[in-house]
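A look at the structure
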Amino acid sequence: MAGPARTTADHRPGVDASAPAGGVGRRLVLSRKGWDSGFGGRLSPVLPDGTMISLPIPYEESDLNYSQCRAPNGQTYLEVLTRLGIDHVRRPVGGGRTTRIAVAEAAMHLDPDLYADARPRPKGWRPLFGQIGLSQVHLANQAVGPGDVFLYFGWFSPVDDLNGGLRYRRKADRVQALFGWLEIADVIAVDDALTPSWARDHPHVVGRDRPTFRDRHNTLYLAAERSTFVSGFPGG
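Residues numbered from 1 in each chain as written. Predicted model: local features only at pLDDT ≥ 70, side-chain atom pairs only at ≥ 80, totals over all residues. Heavy atoms only, no water.

1. Quick word on the overall build of the protein chain
- A tally of helices and strands in the protein chain yields three helices and nine strands.
- In the protein chain, the order of α-helices and β-strands from amino to carboxyl end is β-β-α-β-β-β-α-β-β-β-α-β.
- Burial analysis of the protein chain (236 residues in total) assigns 47% to the buried set.
- Within the protein chain, counting contacts between residues at least 6 apart in sequence, those at least 24 apart form 65% of the total. (Helix = DSSP H or I, 4+ residues; strand = E, 2+ residues; numbered from the N terminus. Buried < 20%, exposed > 50% of the residue type's maximum accessible area, 1.4 Å probe, protein only. Contact = heavy atoms within 4.5 Å.)

2. A closer look at the pairing of strand 7 (residues 165–168)
- Two strands pair when backbone bridges link them, and strand 6 (residues 149–162) and strand 7 are joined in this way by four bridges, in the antiparallel orientation. Bridging across to strand 7, D161 finds its partner in L166.
- Between the antiparallel neighbours strand 6 and strand 7 lie two residues, among them N163 with a positive phi of about 55°. (Pairing = 2+ DSSP bridges.)

3. Let's talk about the environment of G207
- With respect to the helices and strands, G207 occurs in the loop between helix 3 (203–206) and strand 9 (219–223).
- Between the C-alpha atoms of G207 and E61, which are 146 residues apart in sequence, the distance is 7.7 Å.

4. What to know about a nonpolar patch on the surface
- Residues F229, V230 and F233 make up a contiguous nonpolar surface patch of about 240 Å² in total accessible area.
- Topologically, F233 is positioned in the segment after strand 9. (Patch = residues over 30% accessible without salt bridge, like charges linked within 9 Å, V, L, I, M, F, W, Y side chains within 5 Å. Areas by Shrake-Rupley, 256 points an atom, 1.4 Å probe, with all protein chains shown as cover. Salt bridge = Lys/Arg side-chain N within 4 Å of Asp/Glu carboxyl O.)

5. A look at the nonpolar core
- Formed by 24 residues in total, the largest nonpolar core has its most connected members in W35, I53, Y66, Y77, L81, L84 and M108.
- If you list the elements that add at least two residues to this core, you get helix 1 (77–83) and strand 7.
- Per element, the largest residue contribution to this core is three residues, and it comes from helix 1.
- Apart from the residues within four sequence positions on either side, Y66 is in contact with W35, P56, I57, P58, T76, Y77, L78, L81, V103, A106, A107 and M108.
- Counting residues in hydrophobic clusters, the runner-up holds 15 residues, among them V29, L114, F129 and L139. (Core = buried A, V, L, I, M, F, W, Y, C linked by side-chain atoms within 4.5 Å.)

6. Considerations on the packing of aromatic side chains
- Inspection of every chain in the model, using the stated rule, returns 10 aromatic pairs.
- For the ring pair Y59 and F213, a centre distance of 6.0 Å and an interplane angle of 85° mean the geometry is edge-to-face. Separated by 154 residues along the polypeptide, Y59 in the loop between strand 2 (44–46) and helix 1 and F213 in the loop between helix 3 and strand 9 bring together distant segments of the chain. Neither Y59 nor F213 differs from the other in exposure class; each is buried. (Phe/Tyr/Trp six-rings, centres within 6.5 Å; stacked < 30°, edge-to-face > 60°.)

7. Description of the side chain of R26
- Position of R26 relative to the elements: it lies in the segment before strand 1 (28–32).
- A residue is classified by how much of its surface remains accessible, and R26, at 18% relative accessible area, is buried.

8. Details of helix 2 (residues 133–141)
- Among all positions of helix 2, only G133, S135, Q136 and L139 are buried. On an axial view of helix 2, the arc spanned by its buried residues comes to 155°, and they lie on one face. The exposed residues of helix 2 that point more than 90 degrees off its buried face are L134 and N141.
- In this structure, the buried residues of helix 2 make contact with strand 1, strand 5 (128–131), strand 6 and strand 9. (Arc of directions from axis to C-beta.)

9. What to know about the pattern of salt bridges
- In this structure the tally under the stated criterion is 10 salt bridges.
- Two residues, R119 and D201, come together in a salt bridge whose shortest N-O distance is 3.9 Å. Here the residue R119 occupies a position in the loop between strand 4 (97–102) and strand 5, and D201 occupies one in the loop between strand 8 (175–189) and helix 3, the gap between them amounting to 82 residues.

10. Things to note about the environment of M52
- Looking at where M52 falls in the secondary structure, it is placed in the loop between strand 2 and helix 1.
- On the basis of relative accessible area, M52 is assigned to the partly exposed category, the value being 23%.
- For the pair M52 and P158, spaced 106 residues apart in sequence, the C-alpha to C-alpha distance is 8.8 Å.
- In this structure M52 touches P45, V46, P72, F156, A177, L178 and F179, once residues within four positions along its chain are discounted.

This is the structure in structure tokens:
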């Protein structure tokens, strides 16, 4: 998982059946993202029009809050949460315990950063994803790199429009679902000399001197501009 998100990252490399004969093939790496019972405390919504909104987890060291970034439906994450009737978020504090934070005051971890319209972007921006610690060691040991694809999934529930608000449906409709991808073009260590200028507002770069990210394995995965995996699609 990215950054501080979890210690239970779910990475299951697989080989693309369309890889050239005799080649190493490309890996599909499953990575769980978004809110759950520990981080956030609720489910990410699927809107009535089918738009999936993976809610970024709360993270106290972040410089971003839920009012500063836009979800795929064009509203801020704070507006989406307000429509869902959510006024507090849940965050683990260790020892199996959690704490509740007012959503208007909570900081969030935007990673993977997949949506161009989520916030103002510098010229040349592409989707990207950060890793640290044992998760990154595992990926490096598996030689995950250019051409491989991260597939992001999370815990979702359809929601219904209710007089301008949103209401979760019954428990039977809850599902673990894929919501995004990133086809890797480059893998770089977080370093002033290596990090592209357009990537320097990513949380793994902004926070590189903070305790969580002061890690020799702090790494960025940069998306390809266009997918070589599925013709006609972007790299993330």
